[in-house]
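# Commentary on secondary and tertiary structure
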Amino acid sequence: MSTNKEAWGSRIGLILAMSGNAVGLGNFLRFPVQAIQNGGGAFIIPYLVCFLLLGIPLLFVEWAIGRYGGRYGHHTTPFTMERMGQSSLWKYIGVFGIFSNIAIAAYYCYIESWTLSYTMHSAMGSFRGLSQHEVAGFFSNYLDLSTTTTGLPYEAIIFFLLCMALNTWVLSRGLSGGVEKMAKIGMPLLVFFAIFLAIKGITLRAGHENAVNSGWVGLNFLWTPHYDSLLNPKVWLAAAGQIFFTLSLGQGSVQCFASYVKKKDDIALNAMSAGWMNEFVEVVLGASVIIPISIGYLGIDRVIELTGLGGLGLGFRTMPFLFQQWGPALAAMAGIAFFGLLFFAGITSSLAMGTPILSFMMDEFNWSRKNAALIFGGAVTFLGLPTVFFFQQGVLDEYDYWAGTVSLVVFAMLEMIMFSWVFGIKKGWREITTGADIRVPAIYKFIIKWITPFILIIVFFGSLIRPAADEWTKVSLTSWPLHKESIIGQLTHKDIGPNSSWFAREFYAESVCIVDSVYMVNEKPFILVESPDHKTSVTYGLRKGNVPMVKAGDHLQAGDILYTGRIFNRVFYLDLARALLLSFFAFSAFIVFKASRRRKKHARHHVKITTS
Amino acid sequence: MNTSALIFMILAQVTITAIMLYFLIRAMRAKKRPEPDSYTDNDEQDW
């Protein structure tokens, strides 16, 4: 008998929790960057087409899978998929719905902890009087465990543990008492903070408060359509990817939330409400915050340069400095609003990642909610600490690539095939429309059966063999150079360069570069190198005992010796991260196997009792 | 702001806001189902 007696408190609570699951850091930091890099205003065309053909069908399918499973007491994907697919093998595909949530939470909670810390720093005025360079340095120091920004040693670890404790505590309060309550507080506050910042950004005036451009320049830059981009497959793949990740699809959390909806209650209208609310936060609010403000102060060229490094850099290295231009009081308010909204966006998503784990332990092993929350907190902390300790070595990015990107696409593709082709679209359509408070357009029956699986297969194979520089039109069967971020490119460490062994006595320059400076901080040597055009720079922090073999002004080719000593190369940490993730997937599969054995034993016992 | 950018921005943002509000209001105004439904807040209290 399962101990799981959870239920939603109200319909608005369910919709807010589901949209809180979808609304994440990416709505504010990833979407505007993607739009700028993929055709500006014209990006909205492939983006909305993908929302209609990929996002909405997957939302319908995941809500339907969830509610179907809930009817049989399954609140997670392994046993729901086993029942729907009529084969015990499907439960091992369903393992993705357990694995992805913990693996993503492991690095996501770390980023969430930065927002918590930066909210506090904004309130304390830590950024007051710092130059742009110093604000960027503040972030580097925060991530470097050997330095401190508050006087607290190991601040990044302390905030990570604090964030994990908060997540664990909220989860232990239950679905309606914890997750739903947090969504009811967090979502309205998030919208309020975003509206405040959007108004402030749009009303920037050139020449006032040190702004070089008005807020409209940023909006103009973001929304000016470049129609030629619509013919580029890269733009369509980027739009599909953005829709996919912004809605938290292929993760198992939507199915878990929906599994607490009863059979005769609506899922179609709920799915639409939550999905469109996410779109509102992303396209209306997300597009109106960081780009107008950053272009207002830094100009278009600098922002193009910064967006090339991703949204996180722009958010944490630059925004606190820009807020300082508004004076101490408003800067503190803006900092609290910006990092506060990112925190609420983050925690509503990380709680959604925790819910399937709690549900699984309660359903399958009769664990109490508190114990299940503790095991989630413990597992995420264990898996997350390598991202804290080895952030500079790329462990967080590695987790994000395999657990937060590839796993989601693979799982969504397989669950879509299972739903449309194995479970069958006839039964599937009945599941989607039963109890619906809206008429679901019949065309979606066709889209779910044919179009969405096809798009998902294209997205998967597109990621598998993505060509170098995204030049899809220039590849042929005889010449197909792979992008370093393609799945095969990543598997074969295409981005590693000359430092390809785990351990070495010499470290080589990774590309053509000029040595800017060689310096010591606390007896630790550093080498700062720049690209020949001086646009990008990399700082190498050497271990104690390593000896620099270059001096300022040296011109280096890729493969030239930079320093010598006892060296643990980046590839070692990346392989360590992969081994951890792979072991964790195998462990999750083993737990599902044990749960399956337990179910069979209970079923036999039940039959014995009823027949005797 | 140039005209095409303004049109794209207004069209996208107004459309998305309108659709979001339409679905949200419909969800809030939908007829309550007879008990037992999925939500506990509207359950009768045991006194």
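Our subject is the structure listed above.
So, here is what we can say about the structure in this document.

Conventions we followed
- Residue positions are counted from 1 within each chain, in the order its sequence is given.
- Both sets of labels track the order of writing: A upward for chains, 1 upward for ligands.
- Only residues with pLDDT of at least 70 are given local features in this predicted model, and only at 80 or more are side-chain atom pairs given and counted; all residues enter the totals for whole chains, interfaces and linings.
- Hydrogen atoms and water are omitted, and side-chain values are computed over all heavy atoms in the structure.
- Convention adopted: a line fitted to C-alpha atoms gives each axis, helices being fitted over their contacting stretch, and angles between N-to-C directions are expressed from 0 to 180 degrees.
- Labels follow the DSSP assignment, with helices taken as runs of H or I lasting at least four residues and strands as runs of E lasting at least two, numbered in each case from the N terminus.
- Roughly parallel covers angles under 35 degrees, roughly antiparallel covers those over 145, roughly perpendicular covers 65 to 115, and oblique covers all other angles.
- Less than a right angle of anticlockwise turn of the near helix away from the far helix marks a crossing as left-handed, whereas a clockwise turn marks it as right-handed.
- Residue contacts are counted whenever heavy atoms from the two residues lie within 4.5 Å of one another.
- Here the quantity called buried area is the accessible surface, traced with a 1.4 Å probe, that two parts lose on coming together, added over both.
- Salt bridge criterion: a side-chain nitrogen from Lys or Arg within 4 Å of a carboxyl oxygen from Asp or Glu.
- Any two strands with at least two DSSP bridges between them are considered paired.
- Stacked, edge-to-face and tilted labels apply to pairs of Phe, Tyr and Trp rings (six-membered ring for Trp) whose centres lie within 6.5 Å, assigned for plane angles under 30 degrees, over 60, and everything in between, in that order.
- Categorising residues by exposure relies on relative accessible area from a 1.4 Å probe, with only protein chains included: less than 20% of the type maximum marks a residue as buried, more than 50% marks it as exposed, and the intermediate range marks it as partly exposed.
- We count a charge as sitting over a ring when the NZ of a lysine or the CZ of an arginine lies within 6 Å of the ring centre and within 35 degrees of the ring normal.
- By arc we mean the arc of the directions from the helix axis to the C-beta atoms, nothing more.

The next point concerns the packing of helix α14 (residues 268-285) of chain A against helix α1 (residues 3-29) of chain B. Interaxial distance between α14(A) and α1(B) falls to 8 Å at its minimum, and their mutual angle equals 150 degrees. When the interaxial angle is binned, α14(A) and α1(B) end up roughly antiparallel. At the point where α14(A) passes α1(B), the crossing takes the left-handed sense. Across the interface between the two elements, A:Leu269, A:Met272, A:Ser273, A:Trp276, A:Met277, A:Glu279, A:Phe280, A:Val283 and A:Val284 from α14(A) touch B:Ala12, B:Gln13, B:Ile16, B:Thr17, B:Ile19, B:Met20, B:Phe23, B:Leu24, B:Arg26 and B:Ala27 from α1(B).

Take the interface of chain A and chain B next. In this assembly, 42 residues from chain A lie in contact with 27 residues from chain B. Buried surface at the junction of chain A and chain B, both sides included, amounts to about 3000 Å², of which 67% is carbon and sulfur. For chain A, the biggest contributors to the area lost against chain B are A:Trp223, A:Lys264 and A:Trp276; these three give 19% of the whole. Summed over the shared surface of chain A and chain B, the number is two salt bridges. As a salt-bridge pair, A:Asp437 and B:Arg33 come within 2.6 Å of each other at their nearest N and O atoms.

A separate point is the sheet that holds strand β6 (residues 555-556) of chain A. All names here are of chain A. Spatially, four strands are ordered β4-β3-β2-β6 in an open sheet, and the strand pairing comes out antiparallel. Each of the sheet's edge strands pairs with one partner strand only, and the pair in question is β4 (537-541) and β6. Judged from the two bridges that link them, strand β2 (residues 513-521) and β6 form a sheet pairing that is antiparallel. When the sheet's bridge partners are listed, Ile514 is paired in β6 with His555.

Aromatic ring pairs are defined here through the distance separating the ring centres and the angle between the ring planes. Residue and element names in this part refer to chain A. For the coordinates displayed, the defined rule picks out 53 aromatic pairs over all chains. Relative to Phe160, the ring of Tyr110 lies with its centre 6.0 Å away and its plane at 90 degrees, an arrangement referred to as edge-to-face. Of the two residues, Tyr110 sits in helix α7 (residues 96-124) while Phe160 sits in helix α9 (residues 155-172), which places them 50 residues apart along the sequence. By relative accessible area, Tyr110 is classed as buried at 0%. Residues Trp421 and Trp450 carry aromatic rings whose centres are separated by 5.0 Å and whose planes lie at 85 degrees to one another, so their mutual orientation is edge-to-face. With Trp421 in helix α20 (residues 395-433) and Trp450 in helix α21 (residues 443-464), this pair connects stretches of sequence that are 29 residues apart. A residue is classified by how much of its surface remains accessible, and Trp421, at 42% relative accessible area, is partly exposed. Here the basic side chain of Lys200 rests over the ring of Trp326, its NZ or CZ set 4.8 Å away from the ring centre. Above the ring of Trp421, the side-chain terminus of Lys449 is found at 4.7 Å from the ring centroid.

Now for the packing of α7(A) against helix α19 (residues 369-389) of chain A. Packed helices, taken two at a time, are described by their axes: the angle between them and the distance between them. Residues and elements named next belong to chain A. Contact geometry of α7 with α19 gives a least axis separation of 8 Å together with a crossing angle of 60 degrees. Looking at the two axes, α7 sits oblique to α19. The hand of the α7/α19 crossing is right-handed. Between α7 and α19, the contacting residues are Ile102, Ala103, Ala105, Ala106, Tyr107, Cys109 and Tyr110 on the first element and Phe376, Ala379, Val380, Leu383, Gly384, Thr387 and Val388 on the second.

Turning our eyes to something else, we now look at the environment of A:Ile304. All names here are of chain A. For Ile304, the position within the fold is in helix α16 (residues 300-307). For Ile304, a relative accessible area of 43% gives the class partly exposed. Through-space distance from the C-alpha of Ile304 to that of Ile293 is 14 Å; in sequence the pair is 11 residues apart.

What follows deals with helix α11 (residues 215-223) of chain A. Because the α-helix completes a turn every 3.6 residues, residues three or four places apart line up on one side. Among all positions of α11(A), only A:Gly215, A:Gly218, A:Leu219, A:Leu222 and A:Trp223 are buried. In an axial view of α11(A), the angular spread of the buried residues amounts to 115 degrees, which keeps them on one side of the axis. The inward-facing, buried residues of α11(A) abut α3 (31-37), α4 (44-71), α10 (175-202), α14 and α15 (290-298) of chain A together with α1 of chain B.

All names here are of chain A. Where strand β1 (residues 503-508) lies against strand β7 (residues 561-568), five bridges are found, and the strand directions are antiparallel. Bridging from a neighbouring strand, Tyr508 pairs with Ile561 of β7. Where strand β5 (residues 547-548) lies against β7, two bridges are found, and the strand directions are antiparallel. In the strand pairing of β7, Val547 is matched with Thr564.

On their own, these measurements won't tell you what the molecule is for.
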